[in-house]
Amino acid sequence: MSKIPKHVSIIMDGNGRWARGRGLERLAGHKAGVESVRAATEFAAENGIGYLSLFAFSEENWNRPQSEISGLMELMIDAIINERTTLMDNNVRFRAVGDMSRLSKTLVDKISDIEASTSLNGGLVLIIFLSYSGRWDIINAVNKYIEKLRGSVASMDQPVTAECLENLLSTAGIPDPDLLIRTSGEQRISNYMLWQCAYTEFYFTDVLWPDFRKNDFKRALDTYADRERRYGKTGDQINKIN
Ligand code: IPE
Ligand code: IPE
Ligand code: MG
C-alpha cells in the first residue's frame, strides 16, 4: 500500500443501529464495537500508521440517557483493563484527550495507569477522544492563552497566532489527521476536531462501527492513496508540471 497516512482518525458511529437491527439493547452495540477498536488498532499498527485517533464519546453525548452513559463509562473502564495486553503486544502508546474533569475518578485513574504503562512504547500512538468537542478544545485553548498572558509581563494586545493556539489545544504535539473515517453513513463532523481537520481528507462508509474490520480500513486507505491533496494549489503545481 502506498501513501500511508501518518494520522488516521475515526468517528466510530452506528453502534445503536447495529444493536437495534438485532433486537438488542444499545449497549450491546457499544460492547460489540470494542472488537472493532481492537481490529482497527492492530491494522494501524501492522500498516505503519503513526497515530490512530478514535472519537469515543462527545461532549454532546452527555445528553444521552443516564443509563447509556453509565454503561458506556463502565465499558471503557473494562476495555482499558482488558486491552492492556493487545496494546503491549503491538507496542502501542495510549493517550486520552478531552474534558477529563467530567469523567469519574475510577476512569481517570485507569486512563493515567494505561498512559503511564504504555508511555515507553514506540509504535502506534492510539488516542481516544473522550468527553471531547472541537469547540470546547478551541475555547479551552483561548482561555489558557488569556491565563498565560495574565501571568506574564507581555501586554494583553499580543496577537494570537495559529502556532500559539495549536500549542494550547488538547492535541498539541499530535499531527493533524490526514484521513478522517466516519462509519454508519452519517456525513457530518459532529463537533469533532474542528481546528485540526482544516485539510483532512474525509471518507464516509455505510458500514456500522461494530461491523468495521481490517478490510474496511484497507478500503479507506486505498481511497486515500488515490486522493490528490492540493492545499489551495493547482493540480499542476502538486504534480510539479511547469
Ligand atoms: C457511536 O454509536 C458511539 C457513541 C456515540 C458513543 P451511536 O451510539 O451513536 O450509534 P447510533 O448512531 O445511534 O446508531
Ligand atoms: C459522534 O457520534 C460522537 C462519537 C462517535 C463519539 P454521534 O452519533 O453522537 O453524532 P451525532 O449526534 O449523530 O451527529
Ligand atoms: Mg450515532
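Residues numbered from 1 in each chain as written. Chains lettered and ligands numbered in written order. Predicted model: local features only at pLDDT ≥ 70, side-chain atom pairs only at ≥ 80, totals over all residues. Heavy atoms only, no water.

Student: Just to check I follow, could you spell out the overall build of the chain for this structure?
Tutor: When helices and strands are counted, the chain shows nine helices and six strands. Whereas a compact globule of 242 residues would reach a radius of gyration of roughly 18 Å, the chain reaches 19 Å, a difference of no more than 12%. Overall size of the chain, expressed as C-alpha extent along the three principal axes, is 55 × 50 × 35 Å. Counting every position in the chain, which comprises 242 residues, the buried fraction comes to 45%. (Helix = DSSP H or I, 4+ residues; strand = E, 2+ residues; numbered from the N terminus. Rg over C-alpha atoms; globule rule 2.2 N^0.38 Å. Buried < 20%, exposed > 50% of the residue type's maximum accessible area, 1.4 Å probe, protein only.)

Student: Mind showing me how you'd approach the packing of helix α2 (residues 26-46) against helix α8 (residues 214-225) here?
Tutor: Describing two packed helices takes the angle between their axes plus the distance from one axis to the other. Closest axis-to-axis distance for the α2/α8 pair is 9 Å, and the angle between their directions is 50°. Between α2 and α8, the crossing angle belongs to the class labelled oblique. Considering only the axes of α2 and α8, their crossing is right-handed. Across the interface between the two elements, Ala39, Ala40, Glu42, Phe43 and Glu46 from α2 touch Lys214, Phe217, Lys218 and Leu221 from α8. For the contact of α2 with α8, the residue count by class is five nonpolar, no polar and four charged. (Axes fitted to C-alpha atoms, helices over the stretch in contact; angles between N-to-C directions. Parallel < 35°, antiparallel > 145°, perpendicular 65-115°, else oblique. Left-handed = near helix turned anticlockwise from the far one by under 90°. Contact = heavy atoms within 4.5 Å. Nonpolar A, V, L, I, M, F, W, Y, C, P; charged D, E, K, R; others polar.)

Student: Explanation requested: the sheet that holds strand β5 (residues 179-182) in the structure shown.
Tutor: Sheet strands line up and pair through hydrogen bonds in the backbone, either parallel or antiparallel. Reading across from one edge, β3-β4-β2-β1-β5-β6 is the order of the six strands in this open sheet, with parallel pairing throughout. The sheet terminates laterally at β3 (93-97) and β6 (201-204), the two strands that pair on one side only. With strand direction ignored, the average angle separating the axes of adjacent strands in the sheet is 20°. Where helix α5 (residues 105-117) meets the sheet, its contacts fall on β3 and β4 (125-132), and the angle it forms with β3 comes to roughly 145°. Its contacts with the sheet put α8 on β1 (7-11), β2 (51-58), β5 and β6, and the angle it makes with β5 is roughly 140°. (Pairing = 2+ DSSP bridges.)

Student: For this particular structure, what's the right way to read the site of ligand 2?
Tutor: Lining the immediate environment of ligand 2, one finds Ile11, Met12, Asp13, Phe55, Ala56, Phe57, Ser58, Asn61, Arg64, Arg182, Arg188 and Ser190. Take arginine 64: an N or O atom from its side chain is 3.2 Å from an oxygen atom of ligand 2. In the environment of ligand 2, an oxygen atom lies 3.3 Å from a nitrogen or oxygen atom belonging to the side chain of arginine 182. Here ligand 2 has 390 Å² of accessible area as a free molecule, and 78% of this is covered by the chains. Comparing atom positions with the cavity grids shows ligand 2 to sit within the largest pocket. (Near = heavy atom within 4 Å. Polar contact = N/O pair within 3.5 Å; in protein donor to acceptor, adjacent residues only side chain to side chain. Areas by Shrake-Rupley, 256 points an atom, 1.4 Å probe, with all protein chains shown as cover. 1 Å grid on protein atoms, 1.4 Å probe; cavity = no way out; pocket = protein on both sides within 12 Å on 5 of 7 lines; lining within 4 Å. Sits in = over half its atoms within 2 Å of the grid points.)

Student: What should I look at first to understand the layout of surface pockets in this one?
Tutor: In this approach a probe as big as a water molecule rolls over the atoms, and the regions it shows empty are the leftover space. Volume-wise, the largest pocket comes out at about 880 Å³. Taken together, 40 residues form the lining of the largest pocket, with Met12, Asn15, Phe55, Ala56 and Phe57 sitting closest to its centre. Listed by contribution, the elements that provide at least two residues to the lining of the largest pocket are α1 (15-21), α2, β2, α3 (66-82), α4 (84-89) and β4. Class assignment of the residues belonging to the lining of the largest pocket gives a composition of 19 nonpolar, 11 polar and 10 charged. (Points joined across faces, edges and corners; volume = space filled by probe spheres on them.)

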